[in-house]
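# Per-entry structural report
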Amino acid sequence: MKQFIDFIPLLLFFIVYKLDPRVVDIAGHEVTVGGIYSATAMLIISSLVVYGALFIKQRKLEKSQWLTLVACLVFGSLTLAFHSETFLKWKAPVVNWLFALAFIGSHFIGDRLLIKRIMGHALTLPDPVWTRLNIAWIAFFLFCGAANLFVAFTFQSYWVDFKVFGSLGMTLLFLVGQGIYLSRHLHDADTTTPKTED
């Protein structure tokens, strides 16, 4: 669910980006709507609203949500300040690679792998399965970062479409694959767990 909350600002970014650029009057100020820069402004505003609402509701944000929000504010602000979309193109690769780094670091720092910290309250799995799962997330984030970077600077006319729908597609495919992998191990766990008498 947290993964899909992150896509709300991205979808709004995509919608504004695809609008034909036009000048509109907002509270007495002429503002250009449509194109990369107004879409970037929408990304910043919608991220603040979405994560602000989550913070008010939950009284906290997950570390991954803080990272996503800060990256959006930093790269989005640099894009607007320098009027260069290059900064925004680096946002997805950097965020994905930082996530990968966090999963890698959990192999050497702390007493539990990051994936076990995230999902351990809901699942009971053998340590080798947690290790493979953690490595899979590392590979996923490294691949997503590289794919976003490649498309952004190689197929510049498609990078916004890929940023939204390519990222969403990769996430869905990965989560389905993870679900299939986990279902096999959960089934094995169920069959080996002795049943208790009521």
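A few points on the structure. Only a predicted model underlies this, so the values are computations on that prediction, with no experimental measurement involved. Every chain is numbered independently, its residues counted from 1 as its sequence is written. Only residues with pLDDT of at least 70 get local features here, since the model is predicted, and only at 80 or more are side-chain atom pairs given and counted; chain-wide, interface and lining totals rely on the full set of residues. Water and hydrogen atoms were dropped before computing side-chain values, which therefore reflect all heavy atoms in the structure.

## Observations regarding the overall build of the protein chain
When its secondary structure is counted, the protein chain shows nine helices and two strands. Think of it this way: any DSSP run of H or I at least four residues long counts as a helix, any run of E at least two long counts as a strand, and we number them from the N terminus. When the helices and strands of the protein chain are placed in sequence order, the string is α-α-β-β-α-α-α-α-α-α-α. In terms of principal-axis extent, the alpha carbons of the protein chain reach across some 75 × 40 × 30 Å. A 1.4 Å probe rolled over the protein chains alone gives each residue an accessible area, and that area as a share of the maximum for its type sets the label: buried under 20%, exposed over 50%, partly exposed in between. Counting only residues that meet the buried cut, the protein chain has 37% of its 198 residues in that class. In the protein chain, of all internal contacts separated by at least 6 residues, the share reaching a separation of at least 24 is 60%. Only the protein chains shown count as covering a residue, and every accessible area follows the Shrake-Rupley method with a 1.4 Å probe. Entry remark: accessible area of the protein chain is about 12,000 Å², with carbon and sulfur atoms responsible for 68%. A residue counts as positive if it is Lys or Arg and as negative if it is Asp or Glu; His and the chain ends are not included. Each charge is placed at NZ for Lys, CZ for Arg, CG for Asp and CD for Glu. The distance from the centre of the 16 positive side-chain charges to the centre of the 13 negative ones in the protein chain is 4 Å. Note on contacts: a residue pair is in contact if any heavy atoms of the two residues lie within 4.5 Å.

## Thoughts on the pairing of strand β1 (residues 22–26)
Pairing geometry for β1 and strand β2 (residues 29–33), over five bridges, is antiparallel. Residue pairing across strands places Ile 26 opposite His 29, the latter belonging to β2. One bridge is not enough; two strands pair if DSSP finds at least two bridges between them.

## With respect to the pattern of salt bridges
The term salt bridge refers to a side-chain nitrogen of Lys or Arg lying within 4 Å of a carboxyl oxygen of Asp or Glu. This model, assessed by the stated rule, comprises three salt bridges. Close ionic contact of Asp 127 with Lys 116 constitutes a salt bridge, the shortest N to O distance being 3.4 Å. With Asp 127 in helix α8 (residues 127–154) and Lys 116 in helix α7 (residues 114–119), this residue pair connects regions lying eleven residues apart in the sequence.

## Some points on the packing of aromatic side chains
Given two aromatic rings, their pairing is described by the distance between the two centres and the angle made by the two planes. Two rings from Phe, Tyr or Trp (for Trp, the six-membered ring) form a pair when their centres are within 6.5 Å of each other. A pair whose planes differ by under 30 degrees is stacked, one over 60 is edge-to-face, and the rest are tilted. As enumerated under the stated definition, the model contains 14 aromatic pairs in all. Judged by centre distance (5.5 Å) and plane angle (35°), the ring pair of Phe 82 and Phe 87 falls under tilted. Exposure remark for Phe 87: the relative accessible area of 27% places this residue in the partly exposed category. Both rings, one in Trp 137 and one in Phe 174, keep their centres 4.7 Å apart while their planes meet at 80°; by these two values the pair is edge-to-face. A residue pair is termed long-range when its members are at least 10 positions apart, and Trp 137 in helix α8 and Phe 174 in helix α9 (residues 159–192) qualify at 37 residues. With relative accessibility at 7%, the residue Trp 137 sits in the buried group. Taking relative accessible area as the criterion, Phe 174 reaches 18% and is therefore assigned buried.

## Some thoughts on the nonpolar core
Residues belong to a common nonpolar core when they are buried Ala, Val, Leu, Ile, Met, Phe, Trp, Tyr or Cys residues joined through side-chain atoms within 4.5 Å. Within the largest apolar cluster, 25 residues are counted, with the highest numbers of intra-cluster contacts made by Ile 115, Trp 130 and Leu 133. Every element with two or more residues in this core is listed here: α4 (63–82), α6 (91–105), α7, α8 and α9. Tallying contributions element by element places α8 first for this core, with nine residues. With residues up to four places along the chain from it excluded, the contact list for Trp 130 reads Leu 113, Ile 115, Lys 116, Met 119, Gly 120, Leu 123 and Leu 125. Listed in part, the 16 residues of the second largest apolar core include Phe 7, Ile 36, Trp 159 and Val 160.

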